[in-house]
Amino acid sequence: MKEIPYKIYLEESELPKQWYNVRADMKNKPAPLLNPATLKPMGFEDLRPVFCDELIKQELDDTTPYFDIPEEILNFYKMYRPAPLVRAYFLEKALDTPAKIYYKFEGNNTSGSHKLNSAIAQAYYAKKQGLKGVTTETGAGQWGTALSMACSYFGLDCEVYMVKVSYEQKPFRREVMKTYGASVTPSPSDKTAVGRKILKEYPGTSGSLGCAISEAVEAATSKEGYRYVLGSVLSQVLLHQTVIGLEAKTALDKYHIKPDIIIGCAGGGSNLGGLISPFVGEKLRGEADYRIIAVEPASCPSLTRGKYVYDFCDTGMVCPLAKMYTLGNGFIPSANHAGGLRYHGMSSILSQLYEDKLIEAVSVEQTQVFDAAVQFARVEGTLPAPESSHAIRIAIDEALRCKETGEEKTIVFGLTGTGYFDMVAYEKYNSGNMSDYIPTDEDLAKGFATIPQL
Ligand SMILES: *Cc1c(COP(=O)(O)O)cnc(C)c1O
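Cut-off values and rules
- Residue positions within a chain follow its written sequence, with the count starting from 1.
- At least 70 in pLDDT is required for a residue's local features to be given in this predicted model, at least 80 for side-chain atom pairs to be given and counted, and no such filter applies to totals for whole chains, interfaces and linings, which use all residues.
- The basis for every side-chain value is the complete set of heavy atoms in the structure, and neither hydrogens nor water enter the calculation.
- Only runs of H or I of at least four residues qualify as helices and only runs of E of at least two qualify as strands under DSSP, and these elements are numbered from the N terminus.
- Working definition: with a 1.4 Å probe on protein chains only, accessible area under 20% of the residue-type maximum means buried, over 50% means exposed, and in between means partly exposed.
- One heavy atom suffices: a residue is near a molecule or strand as soon as one of its heavy atoms comes within 4 Å of it.
- A 3.5 Å cut-off defines polar contacts: any pair of N or O atoms within that distance qualifies, except that in protein one atom must be a possible hydrogen donor and the other a possible acceptor, and neighbouring residues in sequence count only when both atoms are side-chain atoms.
- What sets the accessible areas is the Shrake-Rupley method with a 1.4 Å probe; for residues, cover comes only from the shown protein chains.
- The method works on a 1 Å grid over the protein atoms by themselves. A cavity is a set of points holding a 1.4 Å probe that cannot get out, a pocket is an open set with protein on both sides within 12 Å along at least five of seven lines, and residues with an atom within 4 Å of a point line them.
- Grid points are joined across faces, edges and corners, and a volume is the space filled by probe spheres set on the points.
- The residue classification treats Ala, Val, Leu, Ile, Met, Phe, Trp, Tyr, Cys and Pro as nonpolar and Asp, Glu, Lys and Arg as charged. All others, Gly included, are polar.
- Comment: axis = line fitted to C-alpha atoms, over the contacting stretch for helices; angle = value between 0 and 180 degrees taken between N-to-C directions.
- Under this scheme an angle from 65 to 115 degrees is roughly perpendicular, one under 35 degrees roughly parallel, and one over 145 degrees roughly antiparallel; angles in between are oblique.
- Put simply, a crossing is left-handed when the front helix is turned counterclockwise from the back one by less than a right angle, and right-handed when it is turned clockwise.
- The contact rule is simple, with two residues in contact once any of their heavy atoms fall within 4.5 Å.
- Crossover handedness is defined by viewing with both strands directed away from the observer: a clockwise path from the first strand over the helix to the second marks the crossover as right-handed.
- The pairing criterion for strands is at least two bridges between them, as found by DSSP.
- For this analysis, a salt bridge means a side-chain nitrogen from Lys or Arg found within 4 Å of a carboxyl oxygen belonging to Asp or Glu.
- Count a disulfide wherever a pair of cysteine sulfur atoms falls within 2.5 Å.

Side note on unusual backbone geometry
Part 1 of the argument: Geometrically, the link from Arg81 to Pro82 is a cis peptide bond, its omega value of -10 degrees lying close to zero.
Part 2 of the argument: Considering the arrangement of structural elements, one finds Pro82 in the loop between helix H3 (71–77) and strand E4 (85–87).
Part 3 of the argument: With omega at 5 degrees, the peptide bond leading from Ser187 into Pro188 counts as cis.
Part 4 of the argument: Of note, Pro188 is situated in the loop between strand E8 (183–187) and helix H9 (193–201).
Part 5 of the argument: Its identity is not glycine, yet Lys357 carries a phi of approximately 60 degrees, on the positive side.
Part 6 of the argument: Mapped onto the secondary structure, Lys357 falls in the loop between helix H14 (348–355) and strand E14 (360–364).
Part 7 of the argument: By relative accessible area, Lys357 is classed as exposed at 72%.

Have a look at this one:
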């Protein structure tokens, strides 16, 4: 058997040429988006005022298994892909575990996360359609950063509504976006009607992704030549992110490695969905079996404590309804430090896979997550994003279980990004001032009360 290197790099020629649409292999398809006015499934024409045409086609297609990646996007991917699959030899040694741990590292680009994989695709289709620009929301700032990079590449205008708490906590992310030419507005703002309404109802709110989405959608639909783009949750985003899983699979296959457990953090579900799609496809077709674990914060536990129902994707209730695991569109999570995981709902694809027991989910508390982040950083070198560290936590826990049982399991997890812009969070942890917040059933009930009764 070939010795497995610390980093498994692929050749440029081994970059996937197509994205894989896992819905094509799902027996139980994710439920369609519903028009909030008519409660009928949304068709192409319904979505046109909000989204780019080509992206709507991808969103609505649950039968075509592969989509060609356009050459311009492939060329952009070549600037920072293929991304390495790393064998965590040093972490294994530190844990003294017989488990074999691998991670797929997506932090090798200026935006510092996997979000660029979809940002460049969405900007490309907007440009191809002849649009002037796009609007979006950003939570922690990774998506806004990725989109501003993608828009500057194609010469598109980029308007970002940034969740207020992040706008204040993460001035550097804000400035990276501005450096790439984006305009950045803290949300909720008085620039939009929905923002003004939210400000009036919840004065002093630190904002949420749901609010920022409502503002960005309003900004896009009230201007000629603009569309709204979203960095997670949607099926099209998950589709673009399958480049992660396809590369990981090629790298594993090269060395005849078969994972037992695949782990990823889950905010809106795009990185996890992208990582696991090719493996879930094998599972669905009866070709292989894997344990797949979604990891979410205990402070925003949509899969583990949410309801599987139709809900609005945003707080302002201007977006379509999606059937998903949700905490309610009015749920405002505590200001925990994994900004990218503070969304009330979950991708409808992952929600259906979870409902069908093809994937598992666990939730973890913030301090345990940072324990894992620091342990990982000290032995593997890379400073992980707080979001990614949720996956690290469970990978370490599973590896420690192997130590107890003596099993040599192979674990693969997604390391979605770097934590350079999260030093406020690390500072809290290092100074012992980090706390855990787990919503009570009463807190959750308030969020559930905002779910529409259909
Ligand atoms: C946005 C983000 C996430 C969570 O988003 P998903 O759509 O669930 O993947 C995870 N990690 C990082 C670094 C992020 O920026």
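So much for the structure itself; the text now carries on.
Considerations on the site of the ligand
Part 1 of the argument: As a structural note, the neighbourhood of the ligand is formed by 18 residues, with Lys115, Ser232, Gly267, Ser270 and Asn271 the closest of them.
Part 2 of the argument: Within the backbone of Gly268, a nitrogen or oxygen atom sits 3.0 Å from an oxygen atom of the ligand.
Part 3 of the argument: Within the contact set of the ligand, a nitrogen atom lies 2.7 Å away from a side-chain nitrogen or oxygen of Thr416.
Part 4 of the argument: When the ligand is considered free in solution it has 380 Å² of accessible area, and contact with the protein chains removes 98% of it.

A short note on empty space enclosed by the protein
Part 1 of the argument: Summed over all chains, the structure comprises four cavities of 30 Å³ or more.
Part 2 of the argument: There is about 350 Å³ of room inside the largest cavity.
Part 3 of the argument: Elements represented by at least two residues in the lining of the largest cavity include exactly strand E6 (133–138), helix H6 (142–154), helix H10 (209–221), helix H12 (270–284) and helix H16 (386–405).
Part 4 of the argument: The residue inventory of the lining of the largest cavity, partitioned by class, reads 10 nonpolar, 20 polar and three charged.

Considering the packing of H6 against helix H8 (residues 171–179)
Packed helix pairs are specified by the crossing angle of their axes together with the interaxial distance, meaning the distance between the axes.
Part 1 of the argument: Between H6 and H8, whose axes approach to 8 Å, the crossing angle comes to 15 degrees. For the element pair H6 / H8, the angle class is roughly parallel. Seen from above, H6 lies across H8 with left-handed handedness. Where H6 abuts H8, its residues Gln142, Gly144, Thr145 and Ser148 lie against Arg173, Val176 and Met177.
Part 2 of the argument: Across the contact of H6 with H8, the residue classes break down as two nonpolar, four polar and one charged.

Some details on the layout of surface pockets
Part 1 of the argument: When its volume is computed, the largest pocket comes out at roughly 280 Å³.
Part 2 of the argument: Taken together, 17 residues make up the lining of the largest pocket; nearest its centre are Arg23, Ala31, Pro32, Leu33 and Glu59.
Part 3 of the argument: In the lining of the largest pocket, the residues fall into 11 nonpolar, two polar and four charged.

Observations regarding the side chain of Glu398
Part 1 of the argument: Relative to the helices and strands, Glu398 is located in helix H16.
Part 2 of the argument: In this structure, Glu398 is in contact with Ile261, Ile263, Arg291, Ile293 and Ile411, ignoring residues within four places of it in sequence.

A short note on the pairing of E6
Part 1 of the argument: Summarising burial for E6: six of the six residues are buried, a large majority.
Part 2 of the argument: By the alternation rule, side chains of E6 split into Gly133, Thr135 and Glu137 and Val134, Thr136 and Thr138, which are all buried.
Part 3 of the argument: Handedness of the E6-H6-strand E7 (residues 157–163) crossover: right-handed.
Part 4 of the argument: Both E6 and strand E9 (residues 226–228) contribute to a ladder of three bridges, which runs parallel. Bridge pairing links Thr135 to Tyr228 in E9.

Some thoughts on the side chain of Ser348
Part 1 of the argument: Here Ser348 shows up in helix H14.
Part 2 of the argument: Looking at Ser348, the relative accessible area reads 13%, which means it is buried.
Part 3 of the argument: Discounting chain neighbours no more than four positions away, the residues touching Ser348 are Pro30, Val233, Ser235 and Lys323.

Remarks on the pattern of salt bridges
Part 1 of the argument: Under the defined criterion, the tally for this structure stands at 25 salt bridges.
Part 2 of the argument: With a closest N to O distance of 3.0 Å, Glu14 and Lys254 form a salt bridge. Here the residue Glu14 occupies a position in the loop between strand E1 (7–8) and strand E2 (18–20), and Lys254 occupies one in helix H11 (residues 235–254), the gap between them amounting to 240 residues.
Part 3 of the argument: In this structure, Glu398 engages Arg291 in a salt bridge whose closest nitrogen and oxygen atoms are separated by 3.3 Å. With Glu398 in helix H16 and Arg291 in strand E11 (residues 291–297), the pair connects residues that are 107 residues apart, well separated along the chain.

Focus on the sheet that holds E7
Part 1 of the argument: Sheet architecture is open: four strands sit in the order E8-E7-E6-E9, paired in parallel fashion. The open sheet has two edge strands, E8 and E9, and neither has a second partner. Sheet twist, expressed as the mean angle between neighbouring strand axes with direction ignored, is 25 degrees.
Part 2 of the argument: On the sheet, H6 packs against E6 and E7 and is oriented at approximately 165 degrees with respect to E6.
Part 3 of the argument: Here H10 sits on the sheet in contact with E6, E7, E8 and E9, set at roughly 170 degrees to E6.

Some thoughts on the state of the cysteines
Part 1 of the argument: With the rule as written, the count across this model stands at zero disulfides.
Part 2 of the argument: Take Cys158: it sits in no disulfide, and the sulfur closest to it among the cysteines is that of Cys151, at 4.1 Å.
Part 3 of the argument: Of all cysteine sulfurs, the one in Cys300 lies closest to Cys265, which takes part in no disulfide; the gap is 13 Å.

Quick word on the sheet that holds E11
Part 1 of the argument: Spatially, the seven strands line up as an open sheet ordered E1-E4-E5-E15-E10-E11-E14, and their pairing is mixed. A strand with exactly one partner marks an edge of an open sheet, and here the two such strands are E1 and E14.
Part 2 of the argument: Where E4 and strand E5 (residues 100–105) come together, three bridges link them in antiparallel fashion. Its bridge partner lying in E5, Val86 is registered against Tyr103.
Part 3 of the argument: Helix H15 (residues 366–380) contacts E4, E5, E14 and strand E15 (410–415) of the sheet and is inclined by roughly 95 degrees relative to E14.

Structural measurements only, silent on function.
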